[in-house]
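Structure assessment
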Amino acid sequence: MLLSDERRKLAAIGRLLAETGLVPGTSGNLSVRSGDLVAVTPAGMRLDRMEPADCPVVTLSGALAEGERAPSSETPMHLALYESTAARAIVHTHSTYAAVVATTMAELPPIHYNILLLGGTVRVAEYATYGTPELADNVRAAMSGGRRAALLANHGGVTIGRDLDEAFENARLLEWLCGVYVRARAIGEPRILTAEELAKVTERGLAPSDLPPLNG
């Protein structure tokens, strides 16, 4: 089985995404890249019921390399991010607070310094129908400049990492930050950290971990 270890990891992280409430029902998807191949979750399947063999493997151009099930409808977005970033894993969620912020805001501001772990202010990609090249292009633009996360207008969130564990933790962090912001707005006007305050945090060593080079 091609990418057997990667497909086992997809199934394991898929269960974690469902258990933590980051993906309701059959929503959400994730993938992991190894060389010129990408293992991705299948279309229309609950992630907590997914087995490694359910996960198809595609090439970087989107051709099916192995698998009985159709790849996720969001595979174009995953492939666009692999093309434009040094990501080795991607997690796309429909988590509650990420969806709330993505429906109401143009960006998630630095309400907490841990946003630096995601590359700074999280942009909201312009709305486009799911699974389309337009959405893939919009998300790619929102993730430019070294971002590790983006929100998708009226949709959800997406995070990248050096591996699936890191991409998953980034998804958890994104949802936590969105939750803090939404709750803060419920009781008042949140205080947003300034560029100077964030720079001082960076000086103390808090910064996103380096992804491997694009040709790594």
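None of these values were measured; they are calculated from a predicted model.

What counts, and where the lines are drawn
Residues numbered from 1 in each chain as written. Predicted model: local features only at pLDDT ≥ 70, side-chain atom pairs only at ≥ 80, totals over all residues. Heavy atoms only, no water. Helix = DSSP H or I, 4+ residues; strand = E, 2+ residues; numbered from the N terminus. Rg over C-alpha atoms; globule rule 2.2 N^0.38 Å. Buried < 20%, exposed > 50% of the residue type's maximum accessible area, 1.4 Å probe, protein only. Areas by Shrake-Rupley, 256 points an atom, 1.4 Å probe, with all protein chains shown as cover. Lys, Arg positive; Asp, Glu negative; His and termini not counted. Charge placed at Lys NZ, Arg CZ, Asp CG, Glu CD. Axes fitted to C-alpha atoms, helices over the stretch in contact; angles between N-to-C directions. Parallel < 35°, antiparallel > 145°, perpendicular 65-115°, else oblique. Left-handed = near helix turned anticlockwise from the far one by under 90°. Contact = heavy atoms within 4.5 Å. Nonpolar A, V, L, I, M, F, W, Y, C, P; charged D, E, K, R; others polar. UniProt positions renumbered as here; feature names shortened; annotations may be inferred. Pairing = 2+ DSSP bridges. Core = buried A, V, L, I, M, F, W, Y, C linked by side-chain atoms within 4.5 Å.

If you tally the helices and strands in the chain, you get 6 helices and 9 strands. Taking 216 residues into account, the globule formula puts the C-alpha radius of gyration at 17 Å, and the chain, at 17 Å, falls close to it. Taking all 216 residues of the chain together, the buried fraction comes to 48%. Summed over its atoms, the accessible surface of the chain is roughly 9,900 Å², and 51% of this surface lies on carbon and sulfur atoms. Of the side chains in the chain, 20 bear a positive and 25 a negative charge, and the two mean positions are spaced by 4 Å.

It is worth spelling out the packing of helix α3 (residues 96-104) against helix α5 (residues 164-187) at this point. For the pair α3 and α5, the least separation of the axes is 8 Å and the interaxial angle reads 60°. Considering the angle they form, α3 stands oblique to α5. Considering the relative orientation of α3 and α5, their crossing is left-handed. Residues Thr-96, Tyr-97, Ala-98, Val-100 and Val-101 of α3 form the contact with α5, whose own contacting residues are Glu-175, Cys-178, Gly-179, Tyr-181, Val-182 and Arg-183. Across the contact of α3 with α5, the residue classes break down as 7 nonpolar, 2 polar and 2 charged.

According to UniProt, the feature "domain: Class II aldolase/adducin N-terminal" (unreviewed entry) maps to residues 8-182 in the numbering used here. Helix and strand shares over residues 8-182 are 34% and 21% respectively, and the end C-alpha atoms of the span are 35 Å apart.

This next bit is on the side chain of Arg-148. Assignment of secondary structure puts Arg-148 in the loop between α4 (133-142) and β8 (149-152). Ignoring sequence-local partners within four residues, the contact set of Arg-148 consists of Leu-117, Leu-118, Gly-119, Met-143, Val-158, Thr-159, Ile-160, Asn-170, Pro-208, Ser-209, Asp-210 and Leu-211.

Our focus in this paragraph is the sheet that holds strand β7 (residues 122-125). Here 9 strands make up an open sheet; going across it, the order is β4-β3-β2-β1-β5-β9-β8-β7-β6 and the pairing mixed. Lying at the two open borders of the sheet, with one neighbouring strand each, are β4 (64-66) and β6 (107-108). Bridge count between strand β3 (residues 57-59) and β4: 2 bridges; the pairing is antiparallel. Its bridge partner lying in β4, Val-57 is registered against Glu-66.

Now for unusual backbone geometry. Although it is not a glycine, Leu-3 sits at a positive phi angle of roughly 50°. You can see Leu-3 is positioned in the segment before α1 (4-19). Residue Leu-3 is classed as buried on the basis of its relative accessible area, which comes to 14%. The backbone of Asn-154 sits at a positive phi, close to 55°, despite the residue not being glycine. Positionally, Asn-154 belongs in the loop between β8 and β9 (156-161).

All right, on to the nonpolar core then. Formed by 22 residues in total, the largest nonpolar core has its most connected members in Met-77, Leu-81, Ile-90, Val-139, Val-158 and Ile-160. Going through the elements one at a time, α2 (75-84), α4, β8 and β9 are the ones with two or more residues in this core. Sort the elements by how many residues they give to this core and α2 lands first, with 5 residues. Ignoring anything within four residues of it in the chain, the contact list for Val-139 reads Met-77, Leu-81, Ala-125, Leu-152 and Val-158.

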